[in-house]
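# Fold and contact review
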Amino acid sequence: MSTAGPLTANRPERVAVVIPAKNEEQRIEKTIASARSIAGVDLVVVVDDGSSDATAAVAMGADAVVVRHKSNRGKAAAMATGAQMVQMREAADRADGGAGFVEELHAEPREPGHTGPLPVIDDSGFMPRALLFLDADMGDSAAAAQPLVDAVLGDGVDMAIALLPPQDGAGGMGLVVRTARSGIQRATGWQPSQPLSGTRCITRETWDACQPLAAGWGVETSLTIDALTAGFWVKEIEAELHHRATGRDLRGQLHRAAQLRDVLRALARRRHLAPEIAEDQLEQPGEETGRTDPGEPSAAPAPARPSPLAPEPAAGKAPSGATTAPGTAGRSSADAWSDDDGVRWTVAEDDPAVRAAARRERLLLLPVDGGFSDDQTRQLGDVDVDELNRALRRLPVDGGFAPDDVVFLAGTDLAALADRLRLAPVDGAFSTEHAVIIASHLSAPEPELPASLQTPLSPDEYTSLVVHAAVEAGNSDDQTGHGRADS
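The numbers attached to residues start from 1 for each chain and follow its sequence in the written order. Under the rules for a predicted model, residues below a pLDDT of 70 receive no local features and side-chain atom pairs below 80 are neither given nor counted, while totals for whole chains, interfaces and linings still include all residues. Side-chain metrics in this entry use all non-hydrogen atoms of the structure; hydrogen atoms and water are not considered.

An unreviewed UniProt entry annotates the protein chain as Glycosyltransferase of Candidatus Brachybacterium merdavium. UniProt positions are given in the numbering used here, feature names are shortened, and annotations may be inferred rather than shown by experiment. What the UniProt record of the protein chain gives under Sequence similarities (unreviewed entry) is the line "Belongs to the glycosyltransferase 2 family."

## Brief notes about the overall build of the protein chain
In this description a helix means any DSSP run of H or I spanning at least four residues, a strand means any run of E spanning at least two, and both kinds are numbered starting from the N terminus. Within the protein chain, the regular secondary structure consists of 15 helices and 12 strands. Evaluated residue by residue, the protein chain yields a buried proportion of 44% over its 487 residues. Whether two residues touch is decided by their heavy atoms; if any such pair falls within 4.5 Å, the residues are in contact. Across the protein chain, every contact between residues at least 6 apart in sequence was considered, and the portion connecting residues at least 24 apart equals 75%. In short, Shrake-Rupley with a 1.4 Å probe defines the accessible areas, and a residue's cover is counted only from the protein chains shown. Per element, the accessible surface of the protein chain, about 25,200 Å² overall, is 50% carbon and sulfur. Remark: exposure states derive from per-residue accessible area (1.4 Å probe, protein chains only) relative to the maximum for the residue type, with buried under 20%, exposed over 50%, and partly exposed in between.

## Quick notes on the nonpolar core
Nine residue types can take part in a nonpolar core, namely buried Ala, Val, Leu, Ile, Met, Phe, Trp, Tyr and Cys, and a core is a set of them joined through side-chain atoms within 4.5 Å. Counting residues in each nonpolar core, the largest one holds 43 residues, and the members touching the most others are Leu-366, Leu-392, Leu-395 and Leu-409. For this core, the secondary-structure elements that each account for two or more residues are helix H5 (174-188), helix H8 (250-269), helix H11 (385-393), helix H12 (403-409), helix H13 (414-423), helix H14 (432-439) and helix H15 (459-480). No other element matches H8, which puts 5 residues into this core. Ignoring anything within four residues of it in the chain, the contact list for Leu-409 reads Leu-392, Phe-401, Leu-414, Leu-417, Val-436 and Ala-439. Membership of the second largest hydrophobic core comes to 34 residues, among which are Val-44, Ala-64, Met-138 and Ala-142.

## Here's the deal with the pattern of salt bridges
The rule for a salt bridge is simple: a side-chain nitrogen of Lys or Arg has to be within 4 Å of a carboxyl oxygen of Asp or Glu. A complete count under the given rule lists 11 salt bridges for this structure. A salt bridge links Asp-158 to Arg-11; the shortest N-O distance between them is 3.5 Å. Of this pair, Asp-158 sits in the loop between helix H4 (146-154) and strand E5 (159-163) while Arg-11 sits in the segment before strand E1 (15-21), placing them 147 residues apart in sequence. Taken as a pair, Asp-158 and Arg-11 share a single burial class, namely buried. Overlapping salt bridges, with partners in common, bring together Arg-14, Asp-42, Glu-90, Arg-129 and Arg-204 in one network.

## Notes on the packing of aromatic side chains
Classification of ring pairs rests on two measures: the distance between centres of Phe, Tyr or Trp rings, Trp counted by its six-membered ring, which must be within 6.5 Å, and the angle between planes, read as stacked under 30 degrees, edge-to-face over 60 and tilted in between. If you walk through the whole model with that rule in mind, you get 2 aromatic pairs. For the ring pair Phe-430 and Tyr-462, a centre distance of 6.0 Å and an interplane angle of 65 degrees mean the geometry is edge-to-face. Of this pair, Phe-430 sits in strand E12 (residues 430-431) while Tyr-462 sits in helix H15, and the two are 32 residues apart along the sequence. Tyr-462 carries the same exposure label as Phe-430, and that label is buried.

## Notes on the sheet that holds strand E6 (residues 200-202)
Strand order in the open sheet made by the 7 strands is E3-E2-E1-E4-E6-E5-E7, with mixed pairing throughout. In this open sheet, the two strands that pair with only one neighbour each are strand E3 (65-69) and strand E7 (234-238). Across the sheet, the mean angle from the axis of one strand to that of its neighbour is 20 degrees, orientation sign disregarded. Where E1 lies against strand E4 (residues 130-133), 4 bridges are found, and the strand directions are parallel. What sits directly across from Val-17, in E4, is Leu-132. Every angle, taken between N-to-C directions, lies between 0 and 180 degrees, and every axis is a line fitted to C-alpha atoms, over only the stretch in contact when it is a helix. Sheet strands in contact with helix H1 (residues 28-36) are E1 and strand E2 (41-49), and its direction is about 155 degrees off that of E2. At least two DSSP bridges between two strands are needed for those strands to be called paired.

## Remarks on the environment of Gln-191
For Gln-191, the position within the fold is in the loop between H5 and E6. Gln-191 sits in the partly exposed class, given a relative accessible area of 38%. Placed 11 residues apart in sequence, Gln-191 and Ala-180 show a C-alpha to C-alpha distance of 9.6 Å. Apart from the residues within four sequence positions on either side, Gln-191 is in contact with Arg-181 and Gln-185. Within the local environment of Gln-191, its side chain forms a polar contact with the side chain of Gln-185, the two groups lying 3.0 Å apart. Polar contact criterion, stated in full: a pair of N or O atoms within 3.5 Å, where within protein one must be able to donate a hydrogen and the other to accept it, and residues adjacent in sequence count only if both atoms are side-chain atoms.

## Quick look at H13
Buried within H13 are the following residues: Leu-414, Leu-417, Ala-418, Arg-420 and Leu-421. Across the axial projection of H13, the buried residues extend over an arc of 165 degrees, all falling on one side. In H13, the exposed positions angled more than 90 degrees off the buried face are occupied by Ala-415 and Leu-423. The opening residue of H13, the one whose side-chain oxygen lies 3.3 Å from the backbone nitrogen of Ala-415, is Asp-413. This arc is taken over the directions from the axis of the helix to the C-beta atoms.

## Remarks on the side chain of Arg-420
With respect to the element layout, Arg-420 can be found in helix H13. Not counting the four nearest positions on each side in its chain, Arg-420 is found in contact with Ile-438, His-441, Leu-442, Ala-444, Glu-446, Tyr-462 and Val-466.

## Here's the deal with the packing of helix H3 (residues 75-95) against helix H7 (residues 219-229)
Running from N to C, H3 and H7 cross one another at 60 degrees; their axes reach a closest spacing of 9 Å. Of the possible angle classes, the one that applies to H3 and H7 is oblique. For the pair formed by H3 and H7, the contact residues are Lys-75, Ala-76 and Met-79 on the first element and Val-219, Glu-220 and Leu-223 on the second. Class assignment for the residues of the contact of H3 with H7 results in 4 nonpolar, no polar and 2 charged. Any angle between 65 and 115 degrees counts as roughly perpendicular, while under 35 counts as roughly parallel, over 145 as roughly antiparallel, and the rest as oblique. Only Asp, Glu, Lys and Arg are considered charged in this grouping, and only Ala, Val, Leu, Ile, Met, Phe, Trp, Tyr, Cys and Pro are considered nonpolar; every other residue, Gly among them, is considered polar.

## Overview of the confidence of the model for the protein chain
On average, the protein chain scores 75 in pLDDT, and the residues at 70 or more come to 66%. pLDDT measures the predictor's confidence residue by residue and takes values from 0 up to 100. Within the model, the stretch residues 481-487 combines pLDDT values under 50 with 11 contacts to residues more than four positions away or in other chains.

## Structural notes on the pairing of E1
Looking down a regular strand, the side chains alternate between one sheet face and the other. Judged by how many residues are buried, E1 sits mostly within the fold: 7 of 7 residues are covered. Side-chain alternation along E1 places Val-15, Val-17, Ile-19 and Ala-21 on one buried face and Ala-16, Val-18 and Pro-20 on a second face that is also buried. As defined by bridge partners, E1 adjoins E2 across 7 bridges and the pair is classed as parallel. Within E2, the position partnered with Pro-20 by the bridge is Val-47. For the crossover from E1 across H1 to E2, the handedness is right-handed. Seen with its strands pointing away from the viewer, a crossover is right-handed when the path leading from the first strand over the helix to the second is clockwise.

See below:
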């Protein structure tokens, strides 16, 4: 249990079940029926996340509210869609006035030309449903989530996380679990037993405070960190839930690799937990008042500039109308560079907003698909953009990196990663996703090739072996007593 105290006032009275699902036509009907038997549940929403089978049709036949993604968007996106659908249904219910609404009781006096009675809706006492997220493959065991609902509705818990018993046929997940557990502990001081448990009951207030969600399989890690740092009560509760376990075959290893990648991304996004300083709290040059340092002559207003960047003047010359701002000496090379035409560029003033924009523009040199957010730019800190650009482009991969991938890779040994990729017995090009997964296992032993596999391997096969070697090494450390809890 976390150290935050319970919030016992204004508890939700009902629960909406949200079930993200992909290709679960064999199990979804039993899961829905079992979820309906949970006391407090009066709404079940299934989010079909790009299934190629009859998952959506079976769920509709089971009388669930169904919304469908045309293509697979990942677990986090499916959870967000489900929560949004619950909110939309609640908004529609409030607009109807509720089951006890009688229109005549709220009629206004009739006047010539008046259209008649008008509904008056009072939803001041409305309390949004809590959200219970269940896996689609839980089948008849879904009803065992009742203790989570009881904890949220009755005990004041803000987010109840299911502690599942050992699952039959489960493969090794030690590395991913330890990564998430230690990351949560470093960020919050609380060490969960099952940080990747996706079966959770959460109040709407807590859910809203945890937005935006981390992508993909990092959503559980981000939910825990964000809820705890916002002061909500998070508690793990034992529940006899069972689902189809991920095995040790190629598909299972790639699944765990994707989990590890997303967990690392979630942890990277949530490293900066200190409150940001508002721009109006920063000491700014007195441009409007004309204030300058004592003894300095008043500076003329700076000319308007179309860009936060300006070409650096040639030696011995000063740009027309420009002034030298105090404190510019000793800037790092990240603030000045030369383009392909040999023109030297520099950040032209000390305004923090301008410098941030210039930094973001500078990062566009990197082989990245999409722009960097303010948070991602801040996480990259004072990294040497030119060196990072060269290192990323030396990697033998196809395609551009996602901005989150660049943030993660900036903290890894890219030279060692390039060597690992070049020496791998692989036929075909690695994708950027492969590179990120392998980068997260650089400290693990080189994978041993099973006798049943013939070389060259595909990039998928080699990546799965890298993850498998890391998992095996971690499990071996645990069994011999030499493993570390924060590894």
